[in-house]
Amino acid sequence: MSGKLASLSSKIPNRFTSELLRANDMSSLDTLQRLADVIESRKPANGGDPEKSYVSRLLHKGPDAFLKKIGEEATETVMAAKDVDHGADASKLVYEVADLWFHSMIALAHYGLTPADVIDELARREGLSGLEEKALRKAQHRELTGD
């Protein structure tokens, strides 16, 4: 592993590490980092050509283009999940989630973020009750807005 993801793997609790690492020793974090590196290289500022690269084209068009794709992929993910509920193969859901993650990674790159930032956030949330965290966020929002 290289970069931030290499140091991150030692911080992830063991129960997550076992889920993230594949049996063949190929790390899922490596896969995400390689994809993030490709996306980064496709930025127009890094020489990405919108005529030759789908990622470059989306980034060249700006946030509205890739954010629209994220919305479309999120909808397709929901529809695939509903299809699985009614007997479709679960691989359909995996396929749509992969599209959603991919387009979300384009947004992360545009905003100067990486998959490691998302993994860090998930690690931060580990052990927190979702209900307690939501209540805390609401309380913090009320403090900030005076509501």
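So, how was this worked out
- Residues numbered from 1 in each chain as written.
- Predicted model: local features only at pLDDT ≥ 70, side-chain atom pairs only at ≥ 80, totals over all residues.
- Heavy atoms only, no water.
- pLDDT = per-residue confidence, 0-100.
- Contact = heavy atoms within 4.5 Å.
- Patch = residues over 30% accessible without salt bridge, like charges linked within 9 Å, V, L, I, M, F, W, Y side chains within 5 Å.
- Areas by Shrake-Rupley, 256 points an atom, 1.4 Å probe, with all protein chains shown as cover.
- Salt bridge = Lys/Arg side-chain N within 4 Å of Asp/Glu carboxyl O.
- Helix = DSSP H or I, 4+ residues; strand = E, 2+ residues; numbered from the N terminus.
- Buried < 20%, exposed > 50% of the residue type's maximum accessible area, 1.4 Å probe, protein only.
- Axes fitted to C-alpha atoms, helices over the stretch in contact; angles between N-to-C directions.
- Nonpolar A, V, L, I, M, F, W, Y, C, P; charged D, E, K, R; others polar.
- Parallel < 35°, antiparallel > 145°, perpendicular 65-115°, else oblique.
- Left-handed = near helix turned anticlockwise from the far one by under 90°.
- Expected span 1.5 Å × (residues − 1).

**Remarks on the confidence of the model for the protein**
Here is step 1: Here the protein averages 85 in pLDDT, and 82% of its residues register 70 or above.
Here is step 2: This stretch, residues 1–25, has a pLDDT under 50; its non-local contacts, to residues over four places away or in other chains, come to 30 contacts.

**A short note on a nonpolar patch on the surface**
Here is step 1: A surface patch of nonpolar side chains, amounting to about 280 Å² of accessible area, comprises Leu67, Tyr111 and Leu113.
Here is step 2: Within the element layout of this structure, Leu67 appears in helix H5 (residues 63–85).
Here is step 3: You can call Leu67 partly exposed: its relative accessible area is 41%.

**Here we look at the packing of helix H4 (residues 54–61) against H5**
Here is step 1: Direction vectors running N to C along H4 and H5 enclose 115°, while the axes themselves pass 5 Å from each other. Contact residues: Tyr54, Leu58, Leu59 and Lys61 in H4; Ala65, Phe66 and Lys69 in H5.
Here is step 2: Grouping the constituent residues of the contact of H4 with H5 by class yields 5 nonpolar, no polar and 2 charged.

**Concerning the environment of Glu76**
Here is step 1: Considering the arrangement of structural elements, one finds Glu76 in helix H5.
Here is step 2: Classification of Glu76 as partly exposed rests on a relative accessible area of 30%.
Here is step 3: Distance from Glu76 to Tyr95, taken between C-alpha atoms, is 9.8 Å for residues 19 residues apart in sequence.

**Topic: the side chain of Glu73**
Here is step 1: Position of Glu73 relative to the elements: it lies in helix H5.
Here is step 2: Every residue in contact with Glu73, bar those within four places of it in the chain, is listed here: Glu96, Asp99, Leu100 and His103.

**Looking at the packing of helix H3 (residues 28–41) against helix H6 (residues 91–110)**
Here is step 1: It is the contact of H3 with H6, at a shortest axis distance of 10 Å, that shows an interaxial angle of 60°. Considering their axes alone, H3 and H6 lie oblique with respect to each other. The handedness of the crossing between H3 and H6 is right-handed. Counted together, Leu32, Leu35, Ala36, Ile39 and Glu40 of H3 and Phe102, Met105, Ile106 and Ala109 of H6 form the full contact between these two elements.
Here is step 2: Each residue belonging to the contact of H3 with H6 can be placed in one class, and the counts come to 8 nonpolar, no polar and 1 charged.

**Side note on H3**
Here is step 1: Compared with an ideal rise of 1.5 Å per residue, which puts 14 residues at 20 Å, H3 spans 20 Å between its outermost C-alpha atoms and is within 8% of the ideal.
Here is step 2: Turning to H3, its buried residues number three or more, namely Leu29, Asp30, Leu32, Gln33, Ala36 and Ile39.

**Side note on the pattern of salt bridges**
Here is step 1: Following the criterion strictly, the structure yields 6 salt bridges and no others.
Here is step 2: Between Lys69 and Glu73 there is a salt bridge, with its nearest N and O atoms 3.5 Å apart. On the criterion of helical spacing, the pair formed by Lys69 and Glu73 is a turn pair, its members being 4 residues apart in helix H5.
Here is step 3: On the basis of relative accessible area, Lys69 is assigned to the partly exposed category, the value being 21%.
Here is step 4: Its relative accessible area of 4% is what places Glu73 among the buried residues.
Here is step 5: A salt bridge links Arg124 to Glu121; its shortest N-O distance comes to 2.6 Å. Here Glu121 and Arg124 lie together in helix H7 (residues 115–125), a separation of 3 residues that amounts to about one turn.
Here is step 6: The exposure class of Arg124 is partly exposed, given its relative accessible area of 46%.
Here is step 7: Salt bridges linked by common partners bring Lys69, Glu72 and Glu73 together as one network.

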